[in-house]
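# Descriptive analysis of the structure
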Amino acid sequence: PSAICLLVWLLMAFLFALRPEDVAHGRITWRDISFFPDGGVDLKVQPGKSRGQPRPVTVFSVPPHAGSVLNLRKYLLALASRSFPDGKVEYDAPVIIHLSTFRKGSPISTSTLSKRLRELFSKATGRPAPHLLSAYSLRRGGATTYYNKGVAPVRPHHLLGHVHFNTTAKY
């Protein structure tokens, strides 16, 4: 159970910083992942640009041995070995890609990501996923959770990377 909670938290945190179009356009690359000798992993997210200015970088750090079932380092290394069978990682290649033969190597669309999120939800909970579950709904849900927990509004504003606070307030 704790490993499932960690997986859901990590996925929500990662997707909360991303916009759906950042996934669809492959803006998260292998250069954004750092592996440490102790087994820890850092995921750096700098989604898109806002009016020509880079958005703030968000770093998600996963300590070594964060969960008995979820080993992010092992998962990412396995993903890299499937993405680059010759062992030569292209650091500018997108991370969230298709691994099937039909679209191998191309960034995953937001609809495909949403479909996979619903499948993951169903497998983890044993019940059907809400039909509106998507990367965007997780992003909005993350912002709402911050608000409901009484976190200062500036925190989700920075995480979401909005230029104007009014945009964040709509969430």
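Throughout what follows, the structure given in this document is the object of discussion. Bear in mind that the values here come from a model prediction, so they are computed numbers and not experimental data.

### Regarding the packing of aromatic side chains
Within the structure shown, the criterion is met by 1 aromatic pair. Seen from their ring centres, Trp-30 and Phe-84 are 6.1 Å apart, and the 75° between their planes marks the pair as edge-to-face. In this pair, Trp-30 sits in the loop between helix H2 (20–24) and strand E1 (33–35) while Phe-84 sits in the loop between helix H3 (72–83) and helix H4 (110–125), placing the two residues 54 residues apart along the sequence. When sorted by exposure, Trp-30 lands in the same class as Phe-84, which is buried.

### Considering the sheet that holds strand E2 (residues 41–45)
If you trace the 3 strands from one edge of the open sheet to the other, you get E1-E2-E5, paired in antiparallel fashion. With partners counted over all chains shown, the strands left at the sheet margins are E1 and strand E5 (58–62), one partner each. Taking each pair of neighbouring strands and ignoring which way they run, the sheet shows an average axis angle of 15°. Where E2 lies against E5, 5 bridges are found, and the strand directions are antiparallel. In the sheet register, Val-41 faces E5, and the bridge partner there is Val-62. Of the strands in this sheet, E1, E2 and E5 touch H3, which is tilted by about 65° from E2.

### Considerations on the environment of Asp-92
When you line up the elements, Asp-92 lands in the loop between H3 and H4. Sequence spacing of Asp-92 and Asp-32 is 60 residues, and the spatial spacing of their C-alpha atoms is 9.0 Å. Sequence-distant contacts of Asp-92, that is, excluding residues within four places in its chain, are made with Thr-29 and Arg-31.

### A short note on the pattern of salt bridges
All chains considered together, the criterion is met by 1 salt bridge. A salt bridge links Asp-92 to Arg-31, with the nearest nitrogen and oxygen atoms 3.1 Å apart. Placement of the pair is Asp-92 in the loop between H3 and H4 and Arg-31 in the loop between H2 and E1, with a sequence separation of 61 residues.

### With respect to the nonpolar core
One finds Trp-30, Ile-33, Leu-43 and Val-95 to be the most contacted residues of the largest nonpolar core, which totals 24 residues. Looking at this core, the elements with two or more residues in it are E2, E5, H3, H4 and helix H5 (135–148). Considering every element that reaches this core, the biggest residue donor is H3, with 4 residues. Leave out the neighbours within four places in its chain, and Trp-30 touches Leu-76, Leu-79, Ala-80, Ser-83, Phe-84, Val-89, Glu-90, Tyr-91, Ala-93, Pro-94 and Val-95.

### Focus on the side chain of Asp-32
Here Asp-32 shows up in the loop between H2 and E1. Only 2.9 Å separates the side chain of Asp-32 from the backbone nitrogen of Thr-29, close enough to count as a polar contact. Contacts of Asp-32, omitting those with residues within four sequence positions, involve Arg-27, Asp-42, Leu-43 and Lys-44.

The rules behind the values
Residues numbered from 1 in each chain as written. Predicted model: local features only at pLDDT ≥ 70, side-chain atom pairs only at ≥ 80, totals over all residues. Heavy atoms only, no water. Phe/Tyr/Trp six-rings, centres within 6.5 Å; stacked < 30°, edge-to-face > 60°. Helix = DSSP H or I, 4+ residues; strand = E, 2+ residues; numbered from the N terminus. Buried < 20%, exposed > 50% of the residue type's maximum accessible area, 1.4 Å probe, protein only. Pairing = 2+ DSSP bridges. Axes fitted to C-alpha atoms, helices over the stretch in contact; angles between N-to-C directions. Contact = heavy atoms within 4.5 Å. Salt bridge = Lys/Arg side-chain N within 4 Å of Asp/Glu carboxyl O. Core = buried A, V, L, I, M, F, W, Y, C linked by side-chain atoms within 4.5 Å. Polar contact = N/O pair within 3.5 Å; in protein donor to acceptor, adjacent residues only side chain to side chain.

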